[in-house]
Amino acid sequence: MKILIELQKNGRMTNVTLADAVGLSASPCLLRVKRMEQAGYITGYGAHIALPKLGETVTVFTEFTLNGHTPEYFQRFEQALRKIDEAIEGHVVSGGYDYLVKFVTRGLTHYQEVIEALLERNVGIAKYFSYIVLRTPIVKTELPLATLFGEER
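Because the structure is a prediction, the values reported are computed rather than measured.

Asker: Let's hear about the domain arrangement of the chain: which residues, and what values?
Answerer: According to the domain assignment, the chain contains domain 1 (1-47) and domain 2 (51-132). Its C-alpha centre places domain 1 at a distance of 34 Å from the equivalent point of domain 2.

Written out as structure tokens, the structure is:
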């Protein structure tokens, strides 16, 4: 767990730095990291991008309700969503709708184009509601692993 916590903070740290941070020697630390990668606990490494530095974008959360609730409806909708680059998160939820999807687009016109293209694909959408993000005061890139699972798991 300590290794995962440290790698979330800095996935580019050297193995020696990581080993020091978690109280191991370098060789056993590297073996544990490799085992966690192979077992699927670590699924990748990436960079956090300062999107505003690249240009204007809009983030929109969209609730979708499907026409039906069989596995075929869910599968068809999810397959369509996977093909949309601007759909960066999709969640099946309980409550008054079926999916909550996060889109990032160049602007509202672009968002509307994305939605219209999705609707034209006839993937079983009964209705949708859009929520435009005005600002994002909280962004956390690290999961609270120690709180969720304890450090000595």
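Asker: Give a description of a nonpolar patch on the surface that names residues and reports values.
Answerer: Residues Ile-49, Leu-51 and Leu-54 make up a contiguous nonpolar surface patch of about 320 Å² in total accessible area. Mapped onto the secondary structure, Leu-54 falls in helix H4 (residues 51-54).

Asker: Provide a residue-level description of the packing of helix H1 (residues 2-9) against helix H3 (residues 26-38), including the pertinent values.
Answerer: Packing of H1 against H3 brings their axes to within 11 Å, and their N-to-C directions diverge by 80°. When the axis of H1 is compared with that of H3, the two are roughly perpendicular. Side by side, H1 and H3 meet where Ile-3, Leu-4 and Leu-7 of the first sit next to Cys-29, Arg-32, Val-33 and Met-36 of the second. For the contact of H1 with H3, the per-class residue count stands at 6 nonpolar, no polar and 1 charged.

Asker: Could you give me a rundown of the side chain of Thr-105, with the residues and numbers involved?
Answerer: Structurally, Thr-105 can be placed in strand S3 (residues 99-105). On the basis of relative accessibility, which here comes to 2%, the residue Thr-105 falls in the buried class. Side-chain polar atoms of Thr-105 contact the backbone oxygen of Gly-107, separated by 2.9 Å. In contact with Thr-105, other than residues within four places in its own chain, are Thr-57, Val-58, Glu-86, His-110, Tyr-111 and Val-114.

Asker: Just give me the short version of the pairing of strand S1 (residues 58-66), but keep the residues and values in it.
Answerer: The element S1 is largely enclosed, with a buried count of 8 among its 9 residues. Strand direction decides the pairing type here: S1 and S3, joined by 7 bridges, are antiparallel. Note that in S3 the partner of Phe-61 across the bridge is Lys-102.

Asker: Can you tell me about the UniProt feature "domain: HTH asnC-type" (unreviewed entry) in the chain, naming the residues and giving the values?
Answerer: If you check UniProt for "domain: HTH asnC-type" (unreviewed entry), the listed places come out as residues 1-57 in our numbering. Taken end to end, residues 1-57 has its terminal C-alpha atoms 36 Å apart, with 58% of it in helix and 0% in strand.

Asker: Before we move on, can you summarise the nonpolar core with the specific residues and values?
Answerer: Side chains of a nonpolar character, in soluble globular proteins, are inclined to be buried together. Counting residues in hydrophobic clusters, the biggest one holds 19 residues, and the most contacted among them are Phe-64, Phe-77, Leu-81, Phe-103 and Leu-118. Those elements that place two or more of their residues in this core are S1, helix H5 (71-82), S3 and helix H6 (108-120). In this structure, Phe-77 is in contact with Phe-64, Leu-66, Tyr-99, Leu-118, Val-123 and Ile-125, ignoring residues within four places of it in sequence. Among the nonpolar cores identified, the runner-up in size contains 14 residues, and Met-1, Ile-3, Ile-5 and Leu-145 belong to it.

Asker: With reference to specific residues and values, describe the packing of aromatic side chains.
Answerer: In total, this model carries 6 aromatic pairs according to the counting rule given. Residues Phe-64 and Phe-103 carry aromatic rings whose centres are separated by 6.4 Å and whose planes lie at 65° to one another, so their mutual orientation is edge-to-face. Here Phe-64, found in strand S1, pairs with Phe-103, found in strand S3; they are 39 residues apart in sequence, far enough to count as distant. Phe-103 matches Phe-64 in its accessibility class, with the two residues each being buried. Consider the rings of Phe-74 and Tyr-99, whose centres lie 5.8 Å apart with planes at 45°: the pair is tilted. Of the two residues, Phe-74 is situated in helix H5 and Tyr-99 in strand S3; the sequence distance between them amounts to 25 residues. For the pair Phe-74 and Tyr-99, one class covers both residues: buried.

Asker: Lay out the pairing of strand S2 (residues 87-92) in plain terms, naming residues and giving numbers.
Answerer: In this sheet, S3 lies alongside S2 in antiparallel orientation, the contact comprising 5 bridges. Each bridged residue has a counterpart across the sheet, and for Glu-89 the counterpart in S3 is Lys-102. Turn length for the S2-S3 hairpin, with the two strands adjacent in sequence and antiparallel, is 6 residues, and the turn residue Gly-95 shows positive phi of about 115°.

Thresholds, definitions, all that
Residues numbered from 1 in each chain as written. Predicted model: local features only at pLDDT ≥ 70, side-chain atom pairs only at ≥ 80, totals over all residues. Heavy atoms only, no water. Domains from an automatic or database assignment. Patch = residues over 30% accessible without salt bridge, like charges linked within 9 Å, V, L, I, M, F, W, Y side chains within 5 Å. Areas by Shrake-Rupley, 256 points an atom, 1.4 Å probe, with all protein chains shown as cover. Salt bridge = Lys/Arg side-chain N within 4 Å of Asp/Glu carboxyl O. Helix = DSSP H or I, 4+ residues; strand = E, 2+ residues; numbered from the N terminus. Axes fitted to C-alpha atoms, helices over the stretch in contact; angles between N-to-C directions. Parallel < 35°, antiparallel > 145°, perpendicular 65-115°, else oblique. Contact = heavy atoms within 4.5 Å. Nonpolar A, V, L, I, M, F, W, Y, C, P; charged D, E, K, R; others polar. Buried < 20%, exposed > 50% of the residue type's maximum accessible area, 1.4 Å probe, protein only. Polar contact = N/O pair within 3.5 Å; in protein donor to acceptor, adjacent residues only side chain to side chain. Pairing = 2+ DSSP bridges. UniProt positions renumbered as here; feature names shortened; annotations may be inferred. Core = buried A, V, L, I, M, F, W, Y, C linked by side-chain atoms within 4.5 Å. Phe/Tyr/Trp six-rings, centres within 6.5 Å; stacked < 30°, edge-to-face > 60°.

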